[in-house]
Amino acid sequence: MTRPLRLGFFTRLLDVTSAAERYRLAAEQILHAERCGFDSAWIAQHHFHEDEGGLPAPFVFLGNLAARTSRIRLGTGIVTLPLELPLRVAEDAAVLDLMSGGRLELGIGPGGNFAAFKAFGLDSEERGRIFAENTRAMMDALAGRALPGGDTLYPPAPSSLIDRIWQATFTVEGARRAGAAGDGLLLSRTQPRPEGQSLSDVQNPMIDAYLEALPPDRAPRILASRSVFVTDDRAEAHRLADIGLQRFLARLARQGRATGTETTKELIASMDVHLGTAEDVVASLKSDSALARSTDLAVQIHSIDPPHAFILRSIELVAEKVAPEFGWHREGMRHVA
């Protein structure tokens, strides 16, 4: 594994507009990614906090996309499994996979929005235990095992779906757990770390643990999500980054999570943002040793969140000029209804 072999587009549906318009724009972005040859599209699930993410119902959204696309794989990045009934997740996943022709990639994780747990009547301190229990229940259902009371999942999940589970984590132990299960590993675009360490410094040990735990008969699946914003003009990229990142910083300051005095340059570095012309982005990504060990690269525009037209152009430039430098081969233009 020296290069990403598959290219994905990731969205948290954060366009600065109404919820309905967010969904329309995100769908357009994914349709455009399919036209540009992207292999997969990933959507995040978030509850309540519109500035963190725009979609609490990923299967509903992906069901709409399944009917409007023909080739691109459709991923959840992630379903917050402790906040869900695991059997309902299994049912929705099975139906969506059947309706999409086997294109679902099912990403799960314990969740990072601790405030949401209280609204669901749960203790966020118990999220690790609940995640483990719900994962077992979901996997039993997807595997067709008898459930409490003797029933089995209907419709039965396609047999290959259980091989398309991914786990998201910030920790070495979580990566080891994903590997031992034979699941894919979802690496974040940025994450907290000790001062002086790079994103690769904390993610490479996670990759090591994942590969060490992975059964020998399972091929590695490691998706590195990265903040990537490509423009035709470097100054335009930095102008839009200044608007978006300072908006994001102001929100963090209101929440007491930042001083509000950080410069845009400091934010670009601390949040692991790759931006500028295609040449700038290629050079920046090539310094990422964790990406070099990944099988998939998923690009997202957060937390710059520029206007829609710039997102579409960034998708085009990633496909045309950036991803090919990392061993990705475009399958060509596809018609999208």
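These numbers were taken from a predicted model, which means no experiment stands behind them.

(A) Region of interest: the packing of aromatic side chains. According to the stated counting rule, one finds 4 aromatic pairs in the structure shown. Seen from their ring centres, Phe38 and Trp328 are 6.4 Å apart, and the 55 degrees between their planes marks the pair as tilted. Taken together, the residues Phe38 in the loop between helix 1 (19–35) and strand 2 (40–43) and Trp328 in the segment after helix 12 (308–322) connect sequence positions 290 residues apart. Side by side, Phe38 and Trp328 carry an identical accessibility label, which is buried. In this arrangement the basic side chain of Arg221 is found over the ring face of Trp166, its NZ or CZ atom lying 4.9 Å from the centre.

(B) Geometry of the nonpolar core. Counting residues in hydrophobic clusters, the biggest one holds 73 residues, and the most contacted among them are Phe38, Phe61, Leu106, Met138 and Leu142. A per-element tally of this core places helix 8 (residues 234–254) first, with 7 residues. Membership of the second largest hydrophobic core comes to 10 residues, among which are Leu185, Leu187, Leu214 and Ile222.

(C) Focus on the pairing of strand 2. Neither face of strand 2 is open: one carries Ser40 and Trp42, the other Ala41 and Ile43, and all of them are buried. In this structure, strand 1 (residues 6–11) lies alongside strand 2, joined through 4 bridges in parallel fashion. In the sheet register, Thr11 faces strand 2, and the bridge partner there is Ile43. Once the chain exits strand 1 it traverses helix 1 before rejoining the sheet at strand 2, and the crossover so formed is right-handed. For strand 2 and strand 3 (residues 73–80), the ladder comprises 4 bridges, and the chain directions are parallel. Directly across from Ala41, in strand 3, lies its bridge partner Leu74. Handedness of the crossover is the feature at issue here: the chain leaves strand 2, passes through helix 2 (residues 58–68), returns alongside strand 3, and the resulting connection is right-handed.

(D) Examining helix 3 (residues 86–99) more closely. The terminal C-alpha atoms of helix 3 lie 20 Å apart, and with 14 residues this matches the ideal 20 Å at 1.5 Å per residue to within 8%. By the burial criterion, the buried members of helix 3 are Pro86, Val89, Ala90, Ala93, Ala94, Leu96 and Asp97. In the core, the buried residues of helix 3 are packed alongside helix 2, strand 3, strand 4 (104–109) and helix 5 (127–142).

(E) Region of the structure containing unusual backbone geometry. Cis geometry marks the peptide bond from Gly77 to Ile78, where omega comes out at 15 degrees. Looking at where Ile78 falls in the secondary structure, it is placed in strand 3. Residue Pro155 follows Tyr154 across a cis peptide bond; omega there is -5 degrees. With phi around 55 degrees, Leu13 is a residue other than glycine that occupies positive phi space. You can see Leu13 is positioned in the loop between strand 1 and helix 1.

Rules used throughout
- Residues numbered from 1 in each chain as written.
- Predicted model: local features only at pLDDT ≥ 70, side-chain atom pairs only at ≥ 80, totals over all residues.
- Heavy atoms only, no water.
- Phe/Tyr/Trp six-rings, centres within 6.5 Å; stacked < 30°, edge-to-face > 60°.
- Helix = DSSP H or I, 4+ residues; strand = E, 2+ residues; numbered from the N terminus.
- Buried < 20%, exposed > 50% of the residue type's maximum accessible area, 1.4 Å probe, protein only.
- Lys NZ or Arg CZ within 6 Å of the ring centre and 35° of its normal.
- Core = buried A, V, L, I, M, F, W, Y, C linked by side-chain atoms within 4.5 Å.
- Pairing = 2+ DSSP bridges.
- Right-handed = clockwise from strand over helix to strand, strands pointing away.
- Expected span 1.5 Å × (residues − 1).
- Contact = heavy atoms within 4.5 Å.

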